[in-house]
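# Fold and contact review
Residues per chain, in single letters:
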Amino acid sequence: MALFGDLKDHLLTDLAKILKSQSGTLFLHQAYQHRTIELNLSRGQVLSLYLDGFPVLDQAQVREILQHLQTQREGAFEFQPRPLSVISSGFHDLTLIDLLQTSRDQAVLPSQLPHPDTRFMFSGLPVAVPAIVEEIWALLKPHLESGASSAELSVLVGRSEDEMQRMLYQLRALELVTPQRAGAPTGHRNADAPVVPSVSPPLVHRFLSALRRLTGTART
């Protein structure tokens, strides 16, 4: 089946999962330094990669290109199925989904991770949960309803603080969570409930007195 889309709307890892049982060519237009990538696949295995028609023969460069695609998420993609064989592969056991998983883990620098004490909560945006983070979302969602930090989540779910920072980084990149503002309420208020400002009784009395004077009903 032919597939079309844009990387800004689809995670490349999700696309790789769909293509793991397919053979054909994945075109990524203007996706790498304004150049087009041609990725030949056979049931999820990378056979060859071309950059503007020129073959990329170095596996390290292939990894660097895929890391760029994974983090920048730019360019339209098109997959055209056609029979390809692993016999024609210029690489040894280079699987697309494994390369992308490694690229994702290596792409985030420690300086890019949120501070361990920064609290996060639901963003409230109508964002779909991609398959790649479903497990993370299910794990952290119960603790994020009222807000939680990496340090707090580490204790709550029994994972390392660094792992929690990376999970929150992913969820924030997908706009599923957002940093909790200082002083923000930790519970959920009924959105339909009216907000009634508190007014001091003396102010109300003064307002009624002024109204009576204006309408000529003030007492003498």
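Preceding this section is the structure that the text describes.
Notes on the structure follow. This is a predicted model, so every value here is computed, not measured. (Residues numbered from 1 in each chain as written. Predicted model: local features only at pLDDT ≥ 70, side-chain atom pairs only at ≥ 80, totals over all residues. Heavy atoms only, no water.)

## Quick notes on the overall build of the protein chain
Within the protein chain, the secondary structure is distributed over seven helices and nine strands. Per-residue burial for the protein chain yields a buried fraction of 35% across its 220 residues. Considering only contacts within the protein chain whose residues lie at least 6 apart along the sequence, 70% involve residues at least 24 apart. (Helix = DSSP H or I, 4+ residues; strand = E, 2+ residues; numbered from the N terminus. Buried < 20%, exposed > 50% of the residue type's maximum accessible area, 1.4 Å probe, protein only. Contact = heavy atoms within 4.5 Å.)

## What to know about the packing of aromatic side chains
Centre distance and the angle of the planes are the two values used to describe a pair of aromatic rings. For the coordinates displayed, the defined rule picks out one aromatic pair. Between F122 and W137, the ring centres sit 5.5 Å apart and the planes meet at 40°, which makes this aromatic pair tilted. Residue F122 is found in strand β7 (residues 119-122), and its partner W137 is found in helix α4 (residues 134-144); the two are separated by 15 residues along the sequence. Look at F122 and you get partly exposed, because its relative accessible area is 24%. W137 sits in the buried class, given a relative accessible area of 13%. (Phe/Tyr/Trp six-rings, centres within 6.5 Å; stacked < 30°, edge-to-face > 60°.)

## Overview of the layout of surface pockets
By volume, the second largest pocket is sized at about 280 Å³. Forming the boundary of the second largest pocket are 17 residues, of which D9, H10, L11, D14 and R73 lie nearest the centre. Of all the secondary structure elements, the ones that give two or more residues to the lining of the second largest pocket are β1 (3-6) and α1 (12-19). (1 Å grid on protein atoms, 1.4 Å probe; cavity = no way out; pocket = protein on both sides within 12 Å on 5 of 7 lines; lining within 4 Å. Points joined across faces, edges and corners; volume = space filled by probe spheres on them.)

## Considering the sheet that holds strand β9 (residues 177-179)
Judged by pairing direction, the sheet is antiparallel, and its three strands sit side by side in the order β8-β7-β9 without closing on themselves. Of all strands in the sheet, those bounded by a partner on one side alone are β8 (148-149) and β9. The sheet contact formed by β7 and β8 spans two bridges and is antiparallel. Bridged to F120 within β8 is A148. Here α4 sits on the sheet and contacts β7, β8 and β9; the angle it forms with β7, its principal contact strand, is near 100°. (Pairing = 2+ DSSP bridges. Axes fitted to C-alpha atoms, helices over the stretch in contact; angles between N-to-C directions.)

## Concerning the pattern of salt bridges
Counted by the stated rule, this structure contains four salt bridges. One salt bridge connects R159 with E163, and the closest N-O pair in it is separated by 2.8 Å. A relative accessible area of 30% places R159 in the partly exposed class. The salt bridge involving R166 is made with D162; its shortest N-O contact spans 3.3 Å. Of this pair, R166 and D162 both sit in helix α6 (residues 161-173), four residues apart, which is roughly one turn of the helix. The class of R166 is partly exposed, set by a relative accessible area of 27%. (Salt bridge = Lys/Arg side-chain N within 4 Å of Asp/Glu carboxyl O.)

## Remarks on the packing of α4 against helix α5 (residues 150-157)
The axes of two packed helices give the description: the angle between them and the distance between them. α5 packs onto α4 with a crossing angle of 115° between their chain directions and a minimal axis gap of 11 Å. Judged by the inter-axis angle, α4 sits roughly perpendicular to α5. As α4 runs across α5, the sense of the crossing is right-handed. Side by side, α4 and α5 meet where L139, L140, H143 and L144 of the first sit next to L153, L156 and V157 of the second. Looking at the contact of α4 with α5 residue by residue, the class counts come to six nonpolar, one polar and no charged. (Parallel < 35°, antiparallel > 145°, perpendicular 65-115°, else oblique. Left-handed = near helix turned anticlockwise from the far one by under 90°. Nonpolar A, V, L, I, M, F, W, Y, C, P; charged D, E, K, R; others polar.)

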